[in-house]
Amino acid sequence: DVKVTQSSRYLVKRTGEKVFLECVQDMDHENMFWYRQDPGLGLRLIYFSYDVKMKEKGDIPEGYSVSREKKERFSLILESASTNQTSMYLCASTLSGQGDSGYTFGSGTRLTVV
Amino acid sequence: DQQVKQNSPSLSVQEGRISILNCDYTNSMFDYFLWYKKYPAEGPTFLISISSIKDKNEDGRFTVFLNKSAKHLSLHIVPSQPGDSAVYFCAASFYGNNRLAFGKGNQVVVIP
């Protein structure tokens, strides 16, 4: 069964800490995405990557960075965690194609910054 | 500016009845439309999609209708089941572009 695996289901971090969220997919997908989900705001794209070492800013990249050193792994980095980054973080991947390929999402990481 | 809009954020329906979720979009160039379902503490899962060249796509209890002139699509769930209680996201994309534009989601509660 194909999977997108996020390393942690729940994380609690302190304000100012550097936080790493890891995502691994086993489907040989070119494209990987990081979203955050907040009540009333839906899914908002933070960053995405369409190839190794390639990255593109999404709609809300401020306060985040990403790393894609290997095709299967896409990491989201919170440089200095703040309380407004408390959220559900979702990783997704998809094949490059015509645009009709559905995303496969991971189970999410619930991050709380205190 | 949000290109995909889902109004009426929550819906309650009796088990066995029809659930109808609506989605409006602003960009007439979208080529594909997709629906995702999300349970709490899980990632969204792909439910059903439709190409812009079609006006209907059906998969079991789920049917998506597309009205291009109105820039509107809807998801019908018939009959609704308690396991359908979830948040549903509408999304849209362009041919050759893998980035999806998501709506804010609709909470559906199916009452047994």
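Asks: Would you take a moment to explain the overall build of chain A for this structure?
Replies: The secondary structure content of chain A amounts to 0 helices and 11 strands. Of the regular secondary structure in chain A, the N- to C-terminal order runs β-β-β-β-β-β-β-β-β-β-β. The C-alpha atoms of chain A give a radius of gyration of 13 Å, which matches the 13 Å a tight globule of 114 residues would have. Taken along its principal axes, the extent of the C-alpha atoms in chain A is 40 × 30 × 25 Å. Contacts in chain A between residues at least 24 apart in sequence constitute 55% of all its contacts with a sequence separation of at least 6. Of the accessible surface of chain A, which amounts to about 5500 Å², a share of 48% is contributed by carbon and sulfur atoms. The centroid of the 15 positive side-chain charges in chain A is displaced by 7 Å from the centroid of its 15 negative side-chain charges.

Asks: Explain the nonpolar core here, please?
Replies: Side chains of a nonpolar character, in soluble globular proteins, are inclined to be buried together. Of all hydrophobic cores here, the largest spans 24 residues; its most connected members are B:Phe33, B:Trp35, B:Leu73, B:Leu75 and B:Tyr88. Broken down by secondary-structure element, the contributors of at least two residues to this core are strand S3 (19-25), strand S4 (32-38), strand S5 (45-51), strand S7 (62-67), strand S8 (72-77), strand S9 (86-93) and strand S11 (106-111) of chain B.

Asks: Please clarify how the pairing of strand S8 (residues 73-78) of chain A should be interpreted in this entry.
Replies: For a regular strand, side chains alternate in direction, first toward one face of the sheet and then toward the other. All names here are of chain A. The element S8 is extensively covered by neighbouring structure, given that 5 of its 6 residues are classed as buried. Across 6 bridges, the pairing between strand S3 (residues 19-25) and S8 is antiparallel. The residue of S8 that forms the bridge with Phe20 is Ile77. Note that strand S7 (residues 64-70) and S8 share 5 bridges and pair antiparallel. Bridge assignment links Tyr64 to a residue of S8, and that residue is Leu78.

Asks: Could you clarify how one ought to interpret the pattern of salt bridges in this entry?
Replies: Residue and element names in this part refer to chain A. Enumeration over the complete set of coordinates arrives at 9 salt bridges over all chains. A salt bridge links Asp28 to Lys71; the nearest nitrogen and oxygen atoms lie 3.0 Å apart. Of this pair, Asp28 sits in the loop between S3 and strand S4 (31-38) while Lys71 sits in the loop between S7 and S8; the two residues are 43 residues apart in sequence, bridging distant segments of the chain. Accessibility expressed as a relative area gives 26% for Lys71, which makes it partly exposed. Arg44 is the salt-bridge partner of Asp38, the closest N and O atoms lying 2.9 Å from each other. Overall, Arg44 belongs to the partly exposed group, its relative accessible area being 24%. Each of Arg36, Asp38 and Arg44 takes part in a single network of salt bridges with overlapping partners.

Criteria and thresholds
- Residues numbered from 1 in each chain as written.
- Chains lettered and ligands numbered in written order.
- Predicted model: local features only at pLDDT ≥ 70, side-chain atom pairs only at ≥ 80, totals over all residues.
- Heavy atoms only, no water.
- Helix = DSSP H or I, 4+ residues; strand = E, 2+ residues; numbered from the N terminus.
- Rg over C-alpha atoms; globule rule 2.2 N^0.38 Å.
- Contact = heavy atoms within 4.5 Å.
- Areas by Shrake-Rupley, 256 points an atom, 1.4 Å probe, with all protein chains shown as cover.
- Lys, Arg positive; Asp, Glu negative; His and termini not counted.
- Charge placed at Lys NZ, Arg CZ, Asp CG, Glu CD.
- Core = buried A, V, L, I, M, F, W, Y, C linked by side-chain atoms within 4.5 Å.
- Buried < 20%, exposed > 50% of the residue type's maximum accessible area, 1.4 Å probe, protein only.
- Pairing = 2+ DSSP bridges.
- Salt bridge = Lys/Arg side-chain N within 4 Å of Asp/Glu carboxyl O.

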